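Here is how the chains run, residue by residue.
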Amino acid sequence: LDPTRLAPRSRALGAATIVLAIGFNLPYAGLAASFDYPQVLRRPAHDPLAMFLAAGPQLILLWYGFFACALALTLLAPGLAVTPARLAARPALALGAALTGALAGLAQAIGLSRWVFAVPDLARDGSPAAARAFQLLNAWGGVAIGEHVGQLLTAAFVLQVALMQRTEAGSRLTAVTGLCTAGLLALGAGEGVALALGRDGATLALVTVAGFMGLTLWLIATGVGLLRAGPART
């Protein structure tokens, strides 16, 4: 493969990675400011439904933005994981990272999609039955699929890419950031299990926040590395 042909691909991938790192924080910040996210997820079901209905269509668009960022990870992860050099040197890690990264984005997108396609009808209904349906939907689609499975898969993706970065010139600090991020995300995913056991998951929720802050830094560092490395990474 001609390195000069792969250089534009590397730069485009690096730019897309940085855009995603910044992009998924924008709807998150909007939701935190207008919907008390993520604390609202642990309130009695009628509270978030009432807040959702009062917020109007702009809240649905914020959730759609968050959902779209998760789908973007599904598309971006294979590109971040697989290069000709990695396929030759560590094919299992490269292909494993591509698969887990794509599945991580898909799992999180499935969890987030409930806010766009299911919760609006439940909020407009406003009945006790709708509140109960929301509670179950949040526990299954949100905590189980989006947060627990999605977060564990994200941790696995970051871990595998970081292990490959550890042996690549100029990527060792990025690798350390990734390894720490993977550990925080995996630990924070235990919040759902704690809630299922009737325990307080507040500490693990903070660990998750730290993990996603680490993910932002890792994605930016990875993107910058791609912009700088160009052909060398191939």
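A few points on the structure. In every chain, residue numbers begin from 1 and rise along the written sequence. This being a predicted model, a pLDDT of at least 70 is required before a residue's local features are given, and a value of 80 or more before pairs of side-chain atoms are given or counted; all residues contribute to the totals for chains, interfaces and linings. Where side-chain values are given, they derive from all heavy atoms of the structure, hydrogens and water being excluded.

### Re the environment of Ala 109
Here comes step 1: For Ala 109, the location among the structural elements is in helix α6 (residues 91-117).
Here comes step 2: As for Ala 109 and Ala 70, which are separated by 39 residues in sequence, their C-alpha atoms are 5.1 Å apart.
Here comes step 3: With near-sequence residues (within four places) excluded, Ala 109 lies in contact with Phe 67, Ala 70 and Leu 71. Secondary structure elements are taken from DSSP: a helix is a run of H or I of four residues or more, a strand is a run of E of two residues or more, and numbering for both begins at the N terminus. Every residue pair with non-hydrogen atoms within 4.5 Å of one another is taken to be in contact.

### Let's talk about the pattern of salt bridges
Here comes step 1: For this document, the term salt bridge refers to a Lys or Arg side-chain nitrogen within 4 Å of an Asp or Glu carboxyl oxygen. Evaluated as defined, the whole model comprises 5 salt bridges.
Here comes step 2: Asp 36 is the salt-bridge partner of Arg 43, the closest N and O atoms lying 2.6 Å from each other.
Here comes step 3: The buried label goes to any residue with under 20% of its type's maximum accessible area, the exposed label to any with over 50%, and the partly exposed label to all in between, with areas taken from a 1.4 Å probe on protein chains only. On the accessibility criterion, Arg 43 (35% relative accessible area) is partly exposed.
Here comes step 4: Each member of the salt-bridge network shares a partner with another, and the members are Arg 42, Glu 147 and Glu 191.

### Details of the packing of aromatic side chains
Here comes step 1: Here is the rule: rings of Phe, Tyr and Trp (six-membered ring for Trp) pair when centre to centre is within 6.5 Å. Planes less than 30 degrees apart are stacked, more than 60 are edge-to-face, and the remainder are tilted. In this structure the tally under the stated criterion is 14 aromatic pairs.
Here comes step 2: Ring geometry for Tyr 37 versus Trp 63: centroids 5.1 Å apart, planes at 85°, classification edge-to-face. Of this pair, Tyr 37 sits in the loop between α2 (25-35) and α3 (46-55) while Trp 63 is found in helix α4 (residues 57-81), placing the two residues 26 residues apart along the sequence.
Here comes step 3: Its relative accessible area of 12% is what places Tyr 37 among the buried residues.
Here comes step 4: An aromatic cluster is defined as three or more aromatic residues linked by ring pairs; in this entry it consists of Tyr 28, Phe 35, Tyr 37, Phe 52, Trp 63, Phe 66, Trp 115 and Phe 134.

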